[in-house]
Amino acid sequence: MQRPVARLSLILIGLCGVGGAGQALAAGNDMTRAVQSAVAQAEAALAANDPLTALSDAEVAVGRATTDNDRYFANLIKYDAAIQAGKTSAANQAIDVLVSTDRLPAADKAKLLLTEGRILRREDPRRAEAAFDQAVALAGNDADVLATVAAAKADYKKPAEAVALLDRAIAARKASGQLAPEPWYARRVAIAYDAKLTDQAMAAAQQWVAAYPTSENWHDALWLARTTTTDGGATLDLLRLARVTGGLKGETDYQAYASAATAGGESGEAKDVLAEGASRHML
């Protein structure tokens, strides 16, 4: 039974502003006649850009539903109409029914739960987080779902969970042969650092520069490493690496390098790096 799933895909695309309705549910699907009639009326209203009327017709279909098929298709059209009409409570009611059905793949259920979580984030954070957690449970290795929920967990002041979800999202994307988006790496570093999760922050920073080895990223990753050590020799080595990777970005970096080199008995190196900073107009 492919048509309902195909329609759900259209509905989910509609959430991103591309459009929703477009494939008839009422025709050729096994619904009781009374529900089929109401669904057809709702579809006609959506086609006429009248989502409020469509939602009213969809509610009639839901009220008339007596079979699993009735409930499934009636709530599909209710969800579509509610989203287009901006009626978030009705959309969540439909989502709850659709997620409870065995008619949808787990991946589609996870995406519906993400929608519910986004809708509820401000008005009911606890229910929103429950929806996000359920989405993760259903998502498996869907990197986009994991990354989305990670952002929510960071907002909920749960940095360890956020970092763990981003770990999974990046690993899942890598396992699929793709490179995860750079903001995922940067966000993971920032969350771990701000939460004083030092080991996770350092591991995340290393993966960040391995995936995106720009001079700016080297600068930030090595600055982070310098904040975690009080060993003068280690600090000097980190600054040497920053110099090689183009990660010395300003007067403070060059002065720190010169000071570390001088403290380490490398006055010639200190003189060289100061000259380099001056030639680059950093000093």
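About the criteria used
- Every residue gets a number counted from 1 within its own chain, in the order that chain's sequence is written.
- Local features in a predicted model are, by the rule used here, given only for residues with pLDDT of at least 70; side-chain atom pairs are given and counted only at 80 or more, and totals for whole chains, interfaces and linings are based on all residues.
- Heavy atoms from the whole structure form the basis of all side-chain values; hydrogens and water molecules are not counted.
- Here a helix means four or more residues in a row that DSSP labels H or I, a strand means two or more in a row labelled E, and each is numbered from the N terminus.
- To sort residues, take the accessible area from a 1.4 Å probe on protein chains only and compare it with the maximum for the residue type: under 20% means buried, over 50% means exposed, and anything in between is partly exposed.
- Contact between two residues is taken to exist if any of their heavy atoms lie within 4.5 Å; hydrogens are not considered.
- Each accessible area is a Shrake-Rupley estimate made with a 1.4 Å probe; only the visible protein chains count as cover when residues are assessed.
- The definitions used throughout rest on a 1 Å grid laid over the protein atoms alone, on which a cavity is an enclosed set of points accommodating a 1.4 Å probe that cannot get out and a pocket is an open set flanked by protein within 12 Å on both sides along at least five of seven lines; lining residues are those having an atom within 4 Å of a point.
- Grid points are joined across faces, edges and corners, and a volume is the space filled by probe spheres set on the points.
- Gly is put with the polar residues, along with every residue not named as nonpolar or charged; the nonpolar set is Ala, Val, Leu, Ile, Met, Phe, Trp, Tyr, Cys and Pro, and the charged set is Asp, Glu, Lys and Arg.
- Just so you know, the count uses Lys and Arg for positive and Asp and Glu for negative, and it drops His and the chain ends.
- Whenever Lys or Arg places a side-chain nitrogen within 4 Å of a carboxyl oxygen from Asp or Glu, that contact is recorded as a salt bridge.
- For every residue, the predictor reports its confidence as pLDDT, a number between 0 and 100.
- For a helix, the expected span equals 1.5 Å multiplied by the number of residues minus one.

A word on the overall build of the chain
In terms of helices and strands, the chain carries 15 helices and zero strands. Counting the 283 residues in the chain, one finds 45% classified as buried. Contacts in the chain between residues at least 24 apart in sequence constitute 50% of all its contacts with a sequence separation of at least 6. Per element, the accessible surface of the chain, about 13900 Å² overall, is 52% carbon and sulfur.

Overview of empty space enclosed by the protein
Here the structure, examined in full by the defined rule, presents one cavity of 30 Å³ or more. If you add up the space inside the largest cavity, you get close to 40 Å³. Residue lining of the largest cavity: His219, Leu222, Trp223, Arg226, Leu239, Ala242, Gly247, Leu248 and Asp253, and that is the complete set. Listing elements by their share of the lining of the largest cavity, those giving two or more residues are α12 (215-227) and α13 (232-244). Looking at which element gives the most residues to the lining of the largest cavity, the answer is α12, with four residues. Looking at side-chain class alone, the lining of the largest cavity contains five nonpolar, two polar and two charged residues.

Here we look at the environment of Met282
By the secondary structure assignment, Met282 is in the segment after α15 (267-279). A sequence separation of 27 residues divides Met282 from Gln255, and the C-alpha atoms of the two residues are 9.9 Å apart. When near neighbours in sequence (up to four residues on either side) are disregarded, Met282 contacts Leu248, Lys249, Gly250, Glu251, Tyr254 and Gly277.

Focus: the environment of His219
Locating His219 in the fold gives a position in helix α12. According to the relative accessible area criterion, His219 is buried, its value standing at 19%. When the C-alpha positions of His219 and Leu239 are compared, they lie 9.3 Å apart, and in sequence the two are 20 residues distant. Not counting residues up to four positions away in its chain, the partners in contact with His219 are Gly247, Lys249 and Asp253.

Section: the side chain of Lys109
Within the fold, Lys109 resides in helix α6 (residues 106-120). The charged side chain of Lys109 is buried without a salt bridge, its nearest counter-charge being Asp102 at 6.9 Å. The contacts of Lys109, once residues within four sequence positions are left out, are Leu98, Val99, Thr101, Asp102, Leu104 and Leu138.

Some words on the confidence of the model for the chain
On average, residues of the chain score 86 in pLDDT, and 90% of them reach the 70 mark or higher. Least confident of the elements in the chain is helix α1 (residues 3-15), whose mean pLDDT is 39; most confident is helix α9 (residues 159-175), at 96. A low-confidence stretch, residues 1-23 (pLDDT under 50), is modelled with 49 contacts involving residues beyond four sequence positions or located in other chains.

Some words on the pattern of salt bridges
Applying the stated criterion across every chain, the model contains 15 salt bridges. Between Asp68 and Arg71 there is a salt bridge, with its nearest N and O atoms 3.1 Å apart. Of the two residues, Asp68 and Arg71 are both situated in helix α4 (residues 68-85); the distance of three residues between them amounts to about one turn of the helix. Judged by relative accessible area, Asp68 falls into the exposed class, the value being 60%. On the basis of relative accessibility, which here comes to 34%, the residue Arg71 falls in the partly exposed class. Residue Asp167 is joined to Arg188 by a salt bridge in which the shortest nitrogen-to-oxygen separation is 2.6 Å. Of this pair, Asp167 sits in helix α9 while Arg188 sits in helix α10 (residues 182-194), placing them 21 residues apart in sequence. One network of salt bridges, with partners in common, ties together Glu129, Asp133, Lys153, Lys158 and Glu161.

Side note on α9
If you check α9, its first and last C-alpha atoms are 24 Å apart, about what 17 residues at 1.5 Å a residue would give, namely 24 Å. For α9, the complete set of buried residues consists of Ala162, Val163, Leu165, Leu166, Ala169, Ile170, Ala172 and Arg173. On its buried face, α9 sits against α7 (125-139), α8 (143-155), α10 and α11 (198-211). A positive phi of about 85 degrees marks Gly177, the residue just after α9.

Things to note about unusual backbone geometry
Glycine aside, residues mostly have negative phi, and peptide bonds are mostly found in the trans state. The phi torsion at Asn49 lies on the positive side, around 60 degrees, for a residue other than glycine. Inspection of the secondary structure puts Asn49 in the loop between α2 (33-47) and α3 (51-64). Look at Asn49 and you get exposed, because its relative accessible area is 67%. With phi around 60 degrees, Lys157 is a residue other than glycine that occupies positive phi space. Mapping Lys157 onto the fold places it in the loop between α8 and α9.

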